[in-house]
Amino acid sequence: MPRKQRIHIHQRQALRAWAFKQTPRPSQKACITWFYDKYSQRIGQSTVSESLSAHFESIDNSESPGQSARIRTGNWPDLEAVLFNWQLRIEEQGGVTSGELLQQKAQQIWRQLPQYSQRPCPEFSVGWLQKFKQRHYIQDYRRHGELGSVPETAEDEMKGLRTIAGEYNDEDIYNMDEAALYWKMTPSRGLATQLRPGLKKDKARLSLNFATNATGSDRLPVWIIGKSKTPRALRNTSVSTMGGEWRWNKKAWMNTTVMSEWLQAFYNHIGTTRTVLLTMDNFSAHLTAVEFTPPPNIRICWLPKNSTSRFQPLDQGIIQSFKSHYRRQWLSYMLECYNNNQDPRDSMDLHLAIRWILRSWNNYVSNTTIYNCFRKSTLVTTPLSLPIAIDSPNITSLYEQVKRAGNIQDIMAISSFLNPVEEQELEAESEQESVDPEEVLQDVITEHLGLQTMDEDEEEEAQPDKPKRSIQEAIQALQVVIEFTEGRDDVKTAHLRAIERLEQELEALDWVFLHIGRDVNWDMLGDLDRQVFAIYVANCWGRDVFRIASRFNHSCIPNIHNAYNSTIQKETFHNIRDIEAGEELTISYVLGICSRSERQVRLSKWGFECTCPVCEDTPEGRNIEKQFVQLAALFQEAESISPVLLASEKSIKRFTETAALMRYRDAAFCSAFSGNVQMASLWAEKEVEVDYYCLGKDHPDYPKEVRVLEQLRAAAKSKKPFHYMQIRWVLEWDEGPE
């Protein structure tokens, strides 16, 4: 995103002049509106408060910018621009400058700007300093007003925040926080503190930015902050494709620039149809980044100062659960290496770490844990008194196996391994760290010159570049997985279909490379070629583009269902409800059932935000969306249960009730498995009816499903004892034997 615009001194002067002429004194909201109308630039309440404070009294009687052009120009405008920018950033972060420090920094900037490299450095005398201050209205001052206020008690402030949160649905309440992760830390005390040759202790550290809503149904991608722009282990890796975002700076920690980018990504993620609440702590980078008013449908509230350990939802066990799951994977990897007589530190790299980070966040931290932590923080309250359980994997046995396999004599306590004190200290220091003028200056100079620096020491010097895998290698690997899956009766058919879809997408991409150029540099393609390729990707069905079908628009509640019919080798389209004359035909671009926020993320690759009736923020839309969310949760629950492994009547009944809401075939199988052939027939009849409308009678799967229905009906009429294995279940009916 573009860098945040800063308010200039002549703009502050104009704002003060306008505000002090109004009777009565205008509100901060009115000042923000006036400023936007005049300069087309949004400012925050803190900027208004500061601009109207006593600190800027000296500019009220100053000449206008046009009348003082001579004194404001200066002899070295580029240098003064950098120096003044540095001065502003120091003030924003609560720092203090002096005249002597300004003179020193001016000399330092002179030596680093190329336009002055062939000229002798000026003295930057006291006279120049005074004129520089006049040109930019710099003087010593003390902060007053809102910026220095502190609430009486955190609990009182939290009561107000709970009142605000009560105006929102649980799925619309978000929390964001950062955490440090020493991703290569081992259980050995010696290995954890001893430096290997050429290896810095803090090199294997990342900062992670987490954000989720209270129900866990909308977890934003993890932003991973390192020290290097492109670490060696990531040279052939797309972190965004993996499901995360990579950022970097010298400290590998959240700063204003990264935070501004994250906020813009959050605004885009939420869109304009939802009304949400975002809660954060008072970390300086958060405060500085929220300089401009967020979109009207997004409200940002700050948690009480110095109390995040009590009121920050992510700190109540969500991050703890994440780290436990991450370190479980790291321990398993260590054990495998030790069993093969290898040192896990030699092969462990950043790519593996990010893979485990994203899996832990997306797959292993449960929605129940997230919701319970929001309740534990008291940000979200429930009318019922429910137990607050936070799940974390039990790694005690694995920890002991690693100790024995690695012959680790000085192993640390398992609690210290799961929650290293180094990470806790780093997070605390980063929240309260003082301003480093030298570092701020280097950042300003780098930005002024349009440069990007890289910390070369961050590279993993002992490990060679990983080979870049070809599409053919990936397709071959998937074919092995498909062959393995087809030989199992304890793997869900839905998983096989997902692997097959990925194979089809890779084959389509391979076809594009074959016809357009496998080794082509896409950045060097002309505009027309890129447009053609973008049209192909956005409209292809597998590897085909249909002249008419590719024009169907999306709806989350479509009236058309599409399926490929291998018998006639055509993509077929069937209406799944009555369609009125003149009504647009729509299909769903999104596979499966998911929440509105997840649908919007999946639809983003087509470059639009869905505004169908389900996605509209209306009572009807919210009601339908609530049903979608419930179905999505039930679908996930059903996916986690394998019918062939069901052992009790209770579990069979539970699965049948769950599956019946969206998968009649599974409900039919469970009923047959439990011996209730009459109920199995009813569910199978429902499945055949759905497939008749969605697939068509000429689809090759339809007659197979009809035969299953006929077998069930015959068994229901028979007086002979029934066993589910009497039915010749087709492969597409998932876990039943064929």
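Residues numbered from 1 in each chain as written. Predicted model: local features only at pLDDT ≥ 70, side-chain atom pairs only at ≥ 80, totals over all residues. Heavy atoms only, no water.

(A) Here's a closer look at the packing of helix 29 (residues 677-694) against helix 30 (residues 701-717). The geometry of helix 29 relative to helix 30 is characterised by a closest axis approach of 9 Å and an angle of 160° between their N-to-C directions. Of the possible angle classes, the one that applies to helix 29 and helix 30 is roughly antiparallel. Handedness of the crossing formed by helix 29 with helix 30: left-handed. Between helix 29 and helix 30, the contacting residues are Val677, Gln678, Ala680, Ser681, Ala684, Glu685, Glu687, Val688, Asp691 and Tyr692 on the first element and Tyr702, Glu705, Val706, Leu709, Leu712, Arg713, Ala715 and Ala716 on the second. (Axes fitted to C-alpha atoms, helices over the stretch in contact; angles between N-to-C directions. Helix = DSSP H or I, 4+ residues; strand = E, 2+ residues; numbered from the N terminus. Parallel < 35°, antiparallel > 145°, perpendicular 65-115°, else oblique. Left-handed = near helix turned anticlockwise from the far one by under 90°. Contact = heavy atoms within 4.5 Å.)

(B) Summary view of the packing of helix 14 (residues 318-339) against helix 18 (residues 396-405). Closest axis-to-axis distance for the helix 14/helix 18 pair is 9 Å, and the angle between their directions is 30°. On the basis of their axis angle, the class for helix 14 and helix 18 is roughly parallel. In this structure, helix 14 crosses over helix 18, and the sense of that crossing is left-handed. Note on element contacts: helix 18 touches helix 14 through Leu398, Tyr399, Gln401, Val402 and Ala405, opposite Arg328, Leu331, Ser332, Met334, Leu335, Tyr338 and Asn339. Among the residues making up the contact of helix 14 with helix 18, the classes are represented as eight nonpolar, three polar and one charged. (Nonpolar A, V, L, I, M, F, W, Y, C, P; charged D, E, K, R; others polar.)

(C) Geometry of the nonpolar core. Counting residues in each nonpolar core, the largest one holds 60 residues, and the members touching the most others are Trp183, Leu208, Phe210, Ile224, Tyr326, Met348 and Ile357. For this core, the secondary structure elements donating two or more residues are helix 8 (154-165), strand 1 (173-182), strand 2 (205-213), helix 14, helix 16 (350-364), helix 17 (367-376), helix 18 and helix 19 (414-418). Top contributing element to this core by residue count: helix 14, with eleven residues. The next biggest cluster of nonpolar side chains, apart from the first, holds 25 residues, and it includes Tyr174, Trp262, Val276 and Phe283. (Core = buried A, V, L, I, M, F, W, Y, C linked by side-chain atoms within 4.5 Å. Buried < 20%, exposed > 50% of the residue type's maximum accessible area, 1.4 Å probe, protein only.)

(D) Layout of helix 29. The end-to-end C-alpha distance of helix 29 is 25 Å, a good match for the 26 Å that 18 residues give at a rise of 1.5 Å each. Turning to helix 29, its buried residues are Val677, Ala680, Ser681, Trp683, Ala684, Glu687, Val688, Asp691 and Cys694. End-on view of helix 29: buried residues confined to an arc of 170°, all on one side of the axis. After helix 29 finishes, the residue Gly696 shows a positive phi value of roughly 100°. (Expected span 1.5 Å × (residues − 1). Arc of directions from axis to C-beta.)

(E) The environment of Lys323, seen in detail. In this fold, Lys323 is placed in helix 14. Taking the C-alpha atoms as reference, Lys323 lies 10.0 Å from Ala180; in sequence the two are 143 residues apart. Within the local environment of Lys323, its side chain forms a polar contact with the backbone oxygen of Ala180, the two atoms lying 3.0 Å apart. (Polar contact = N/O pair within 3.5 Å; in protein donor to acceptor, adjacent residues only side chain to side chain.)

(F) View of the sheet that holds strand 6 (residues 298-302). The mixed open sheet is built from six strands, whose spatial order is 4-3-2-1-5-6. Edge positions in the open sheet fall to strand 4 (245-248) and strand 6, since each of these has one partner strand only. Each strand of the sheet is rotated relative to its neighbour by a mean of 25°, with strand direction disregarded. Judged from the four bridges that link them, strand 3 (residues 223-226) and strand 4 form a sheet pairing that is parallel. When the bridges of strand 4 are listed, Ile224 appears paired with Trp246. Set on the sheet, helix 14 makes contact with strand 1 and strand 2; between it and strand 1 the angle comes to about 40°. Along the sheet, helix 16 makes contact with strand 1, strand 2, strand 3 and strand 4, crossing strand 2 at roughly 20°. (Pairing = 2+ DSSP bridges.)

(G) Fine view of the packing of aromatic side chains. Summed over the entire model, instances satisfying the criterion amount to 18 aromatic pairs. When the ring of Trp76 is compared with that of Phe124, the centres are 5.3 Å apart and the planes differ by 70°; the resulting orientation is edge-to-face. Note that Trp76 is positioned in the loop between helix 4 (69-73) and helix 5 (77-92) and Phe124 in the loop between helix 6 (99-112) and helix 7 (126-136), a separation of 48 residues in sequence. As far as burial versus exposure is concerned, Trp76 and Phe124 are alike and both buried. We note Arg219 situated over the ring of Trp361; from NZ or CZ to the ring centre the distance is 6.0 Å. Over the ring of Tyr364 we find Arg328; its NZ or CZ atom is 4.9 Å from the centre of that ring. (Phe/Tyr/Trp six-rings, centres within 6.5 Å; stacked < 30°, edge-to-face > 60°. Lys NZ or Arg CZ within 6 Å of the ring centre and 35° of its normal.)

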